[in-house]
Amino acid sequence: KQWYQRRVAITAGGDPQCYALPDVNCDFTGVRITEAGENCVEVRGAKGSMPSSFYKVSATYVDGYKATMMAPMIGPKAAQKGYLNAMSNIERCRRIFAKKGMADFTETNVECLGSGANQGRKLDESDAEEIVVWSAVRHSDKAAIQVWAKELAGASTGMAPGFTTMLGGRPKPTPILRFAPFLFPKDQVRIAVNDVPFASTNSEHCQVSPASPAEVTKEVVREGDESYRLEELAFLRSGDKGNSANLGVICRSPALYPILDAHLTSATVKTYLQHLGPNLQVTKYKLPGISGFNFVLESALGGGGVASLRSDPQGKAIGQIFSNFKVEGLKSLSEYM
C-alpha cells in the first residue's frame, strides 16, 4: 500500500524542484538557457541532490479491451446527428447485452471532431456541417466489443443521412495496457552482476523532496487596455504522465513573467480546462530561471495513453487549447519585448 501511494509522486512528476532521476534528484528551477551560437544554446543552473532510496518503476497491466470507430458526418447539424447516431448504436448494444446476459460497457466516449468538442464547446452550439464522429468503447469481454463493431456496419447505410463510411473499416478489439508507475525500495531488490551481488550505494538515504513552495496568488494589476491571446505572450507545450498531463508555459520575454504569474493560477487554469474531466486537479510550479511555469493536470486524460478512449489520449493538444486563454489589462506588447 505504501508503494502504491507513492505513485502520485512519480506519476505527476511535475515538481521541477525535485524531479526524480535514476542517479540524482534534480532541481530545474534555476536553469537558464542562453543562445551560444547558431543552432546552439547553453544550459546552466541545474542542481542535483542525493538520489532517493527508491527505484522508479514503470509497470503495465491488461485491463479489458477497447475499440474505436471514426466516420465522417456531412450536412446540416452534423455534430448533433453524428452524436445521436453513435449513441444510438451504443444503446442498441446495451439492449443486446441485457438479452444475452452480458455486462454493460465499462466506459464509452463519443466526440464530434470539428465541433469544438476538445475545447469544451457544447454540442448544441455547433453549426459545423462537416465533422468526424469519434466513438470509442471499453469492455472486459472481447466478444462484447465485437458485437458493437458488428452493429456499426448497418449504421453506415441505414441510420442518419450524411453518415458516410467507417474510416479503416470495422473496428477491432485491442487489449488495454494500463500504465502503473510506482516507487519501490532499493533495499528490497536483489541484483547480481556476473553472479556478484550488487547493492545501491545510496540505499540508506530517504526520499528527499524539497517541494516547491505552496502557490501564492498575486493580485492582477491592470497596466493598460490591451488584451492578448496567451500564445502571443508565451510558448506552450503539453504531454502526458500516465493519467496526468504537464502543461508548460514559457514567457516570450522575462518582463512578462510577473504578469503571467498573476494571471495564470491553478484556479484559472482549472476553470478554463474544466471540460477535461470532473476529477481534474491542477498544481502550479514555477521555473523562474527560464521565465516559465509547469502546470500538472491530474486526472485529465481519461486514463491516459492506450487506456484512454479520447481522441487526445496523451494531452498533446492541451497546450494549443490553452493558447486561446485571454490575458487582459496589458500595455502594448512592444513595451514588454
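Everything below is about the structure printed above this text.
Owing to the predicted nature of the structure, the values given are computational and were not obtained by experimental measurement.

Undergrad: When you look at the pairing of strand β14 (residues 244-251) in this model, what are you seeing that I'm missing?
TA: When a strand is regular, its side chains alternate between the sheet's two faces. Within β14, six of the eight residues are buried, leaving the element largely enclosed by the surrounding structure. Two elements, strand β13 (residues 234-241) and β14, share eight bridges in a ladder whose sense is antiparallel. Residue pairing across strands places R237 opposite G248, the latter belonging to β14. In this antiparallel pair of consecutive strands, β13 and β14, the connection spans two residues, and G242 shows a positive phi of 65 degrees. The pairing of β14 with strand β16 (residues 292-298) spans six bridges and is antiparallel. Bridge assignment links A245 to a residue of β16, and that residue is L297.

Undergrad: Explain the sheet that holds β14 to me, please; I cannot follow it from the model alone.
TA: Remark on secondary structure: sheet strands pair via backbone hydrogen bonds, oriented parallel or antiparallel. A sheet is described by the order of its strands in space; here four strands give the open sequence β13-β14-β16-β15, paired in antiparallel fashion. If you trace the sheet from one side to the other, it starts and ends with β13 and β15 (281-287), each paired once. Taking each pair of neighbouring strands and ignoring which way they run, the sheet shows an average axis angle of 20 degrees.

Undergrad: Help me understand the sheet that holds strand β1 (residues 19-20) in this model?
TA: Taken together, three strands build an open sheet; the order of strands is β1-β2-β5 and the sheet is antiparallel. The sheet terminates laterally at β1 and β5 (47-49), the two strands that pair on one side only. Inspection of the sheet shows β1 paired to strand β2 (residues 25-27) by two bridges, in the antiparallel sense. Across the sheet, the residue bridging to Y19 is C26, located in β2.

Undergrad: How should the environment of G64 be read in this particular structure?
TA: Within the element layout of this structure, G64 appears in strand β6 (residues 54-74). When its relative accessible area of 15% is taken as the criterion, G64 is described as buried. In this structure G64 touches H139, S140, T174, P175 and I176, once residues within four positions along its chain are discounted.

Undergrad: Got a minute to help me understand unusual backbone geometry in this structure?
TA: Across residues other than glycine, the phi torsion is negative in most instances, and most of the peptide bonds are trans. Residues other than glycine seldom take positive phi values, yet K77 does so here, at roughly 55 degrees. For K77, a relative accessible area of 60% puts it in the exposed group. We note that N194 has phi near 55 degrees; this positive angle belongs to a residue other than glycine. Tracing the backbone through its elements, the reader meets N194 in the loop between β10 (191-193) and β11 (196-198). We classify N194 as exposed; its relative accessible area is 72%.

Reading the values: the criteria
Residues numbered from 1 in each chain as written. Predicted model: local features only at pLDDT ≥ 70, side-chain atom pairs only at ≥ 80, totals over all residues. Heavy atoms only, no water. Buried < 20%, exposed > 50% of the residue type's maximum accessible area, 1.4 Å probe, protein only. Helix = DSSP H or I, 4+ residues; strand = E, 2+ residues; numbered from the N terminus. Pairing = 2+ DSSP bridges. Axes fitted to C-alpha atoms, helices over the stretch in contact; angles between N-to-C directions. Contact = heavy atoms within 4.5 Å.

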